[in-house]
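Listed below are the residues making up each chain.
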Amino acid sequence: MTDQTYQPTLSQLRAFVAIAEYRHFGTAAARLTVSQPTLSQALASLENGLGLQLIERSTRRVLVTAAGMRLLPQAMATLEAADRFVASATGDGLGGVLRLGIIPTVAPYVLPELLPELRRKLPGLVPHVVEDQTSRLLDGLRTGVLDVALLALPTGAPGLVEIPLYSEEFVLVTPRGHELAGRTDLATPVLADMPLLLLDEGHCLRDQTLELCRSAEVHPGAVGDTRAASLTTVVQCVAGGLGVTLIPEMAVATETARGTLDTARFADPAPGRTIGLAYRGSSARAEDYEYLAAVIRSKRPF
């Protein structure tokens, strides 16, 4: 039973959130720069004070209990408010640890320019980058494991605020010398019966490509025969003559740099996607995330 006079400390809440995030006591302790016994004691004090088990641990795994999942977003909101309070007092604005989720079809093309810019403009910021598929990033936002995520919009997830950053077209990538290479007037029906290579299940770019085909009543050939976990693998399969693929504009320069591929573009209005930031509506850092959005816009990779 919870002691009504009990007041958790920020250190206890940080221990709980870190363990819930990393599901590993050693990793959580290292992230917080404390010893494992100190971390364990902080969690135990929190659980004893609340009269609840928040973390279930065994020799093989660490799980967040139902009570822990229920309280985790509130613990995160408390820590966010405390961080915001300190930042406001010192005038530092966006500073401290920022857990930034990014989808795999954005991360490799944005981070090389974005991270140095963040160091320059926000020297007090410590980004913790988490690259993952959209569904897991949204779970991370809901549970408080992530602060903000860079992904394709709209997410359709309730309780989140979305900041559109920019839109980009999809570009058709073909083997060198393909009959469509160099064209700039493609229409979606051109994809009919073509061997279209896709990312694996769970990647939003795969879903967007399939939805584009469905909306145009196009039936590509051999969809699903070859799938990959990264755009780099997909385009190398294209270079090897296995088919064609659609990639976002931001990836074109990087993924075609070897010179073994050709591209073709769609006539206006070209199909594409919108990239933006998403964060919890309960967060007290809306102003900070608007500034972060402005920094990302300034370093767009195309």
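(A) Spatial organisation of helix H1 (residues 10-22). With 13 residues, H1 should cover 18 Å at 1.5 Å per step; its first-to-last C-alpha distance of 18 Å lies within 8% of that length. Buried residues of H1: Gln12, Leu13, Ala15, Phe16, Val17, Ala18, Ile19, Ala20 and Glu21, and no others. Note on H1: the residue one or two positions beyond its end, Arg23, has a positive phi of about 50 degrees.

(B) How the structure looks around the side chain of Gln133. Within the secondary structure layout, Gln133 lies in the loop between strand S4 (125-131) and helix H6 (134-143). A distance of 3.5 Å separates the side chain of Gln133 from the side chain of His203, its partner in a polar contact. Once residues lying within four places of it in the same chain are set aside, the contact partners of Gln133 are Pro104, Glu201, Gly202 and His203.

(C) A look at the packing of helix H2 (residues 25-32) against helix H3 (residues 36-50). The geometry of H2 relative to H3 is characterised by a closest axis approach of 9 Å and an angle of 100 degrees between their N-to-C directions. The pairing of H2 with H3 is recorded here as roughly perpendicular in orientation. Counted together, Phe25, Gly26, Ala28, Ala29 and Leu32 of H2 and Gln36, Leu39, Ser40 and Leu43 of H3 form the full contact between these two elements.

(D) Molecular detail of the environment of Glu201. Within the secondary structure, Glu201 is located in the loop between strand S7 (198-199) and helix H7 (204-215). Separated by 68 residues in sequence, Glu201 and Gln133 have C-alpha atoms that sit 9.6 Å apart. Leaving out residues up to four positions away in the same chain, Glu201 has contacts with Gln133, Arg206 and Arg227.

(E) Layout of the pairing of strand S6 (residues 160-175). Taken together, the nine bridges between S6 and strand S11 (residues 272-280) define a ladder with antiparallel strand orientation. Paired with Glu168 across the bridge in S11 is Arg273. Relative to strand S9 (residues 245-248), S6 runs antiparallel, the two being bridged by four bridges. Paired with Phe170 across the bridge in S9 is Pro248. Of the strand pairs in this sheet, S6 and strand S10 (residues 261-264) are connected by four bridges, and their pairing is antiparallel. Pairing of Pro175 across the sheet is with Leu261, part of S10.

(F) Expanded view of helix H10 (residues 286-298). A rise of 1.5 Å per residue sets the reference length of H10, with its 13 residues, at 18 Å; its end C-alpha atoms lie 19 Å apart and thus fit the reference within 8%. Of all the residues in H10, the buried ones are Asp288, Tyr289, Leu292, Ala293, Val295 and Ile296. Within H10, the buried residues cover an arc of 160 degrees as seen down the axis, which keeps them to one side.

(G) Spotlight on the state of the cysteines. Tallying each qualifying case throughout the model produces zero disulfides. Take Cys204: it sits in no disulfide, and the sulfur closest to it among the cysteines is that of Cys213, at 15 Å.

(H) Here's a closer look at the nonpolar core. Within the largest apolar cluster, 70 residues are counted, with the highest numbers of intra-cluster contacts made by Val106, Val148, Leu150, Leu151, Leu172, Leu277 and Leu292. If sequence neighbours within four positions are ignored, Val106 has contacts with Leu150, Met250, Arg273 and Ile275. Within the second largest apolar cluster, 26 residues are counted, among which are Ile19, Ala29, Val62 and Met76.

(I) Region of interest: the pairing of strand S5 (residues 148-153). Most of S5 sits out of view: six of its six residues are buried. The pairing of strand S3 (residues 96-102) with S5 spans three bridges and is classified as parallel. Bridging from a neighbouring strand, Ile102 pairs with Leu150 of S5. Where S5 meets S11, six bridges bridge the pair, whose relative direction is antiparallel. Across the sheet, the residue bridging to Leu153 is Thr274, located in S11.

(J) Representation of the packing of H1 against H2 in the model. Closest axis-to-axis distance for the H1/H2 pair is 8 Å, and the angle between their directions is 130 degrees. As judged from the angle between their axes, H1 and H2 are oblique. Crossing hand, H1 versus H2: right-handed. Counting all contacts with H1, which are made through Arg14, Ala15, Ala18, Ile19 and Tyr22, the residues of H2 involved are Phe25, Thr27, Ala28, Arg31 and Leu32.

(K) Spatial organisation of the environment of Asp262. With respect to the element layout, Asp262 can be found in strand S10. The class for Asp262 is buried, based on a relative accessible area of 18%. Once residues lying within four places of it in the same chain are set aside, the contact partners of Asp262 are Leu172, Val173, Thr174, Pro175, Arg176, Gly177, His178 and Ala181. For Asp262, the side chain forms a polar contact with the main-chain nitrogen of Gly177, separated by 2.8 Å.

Conventions adopted
Residues numbered from 1 in each chain as written. Predicted model: local features only at pLDDT ≥ 70, side-chain atom pairs only at ≥ 80, totals over all residues. Heavy atoms only, no water. Helix = DSSP H or I, 4+ residues; strand = E, 2+ residues; numbered from the N terminus. Expected span 1.5 Å × (residues − 1). Buried < 20%, exposed > 50% of the residue type's maximum accessible area, 1.4 Å probe, protein only. Polar contact = N/O pair within 3.5 Å; in protein donor to acceptor, adjacent residues only side chain to side chain. Contact = heavy atoms within 4.5 Å. Axes fitted to C-alpha atoms, helices over the stretch in contact; angles between N-to-C directions. Parallel < 35°, antiparallel > 145°, perpendicular 65-115°, else oblique. Pairing = 2+ DSSP bridges. Arc of directions from axis to C-beta. Disulfide = S-S within 2.5 Å. Core = buried A, V, L, I, M, F, W, Y, C linked by side-chain atoms within 4.5 Å. Left-handed = near helix turned anticlockwise from the far one by under 90°.

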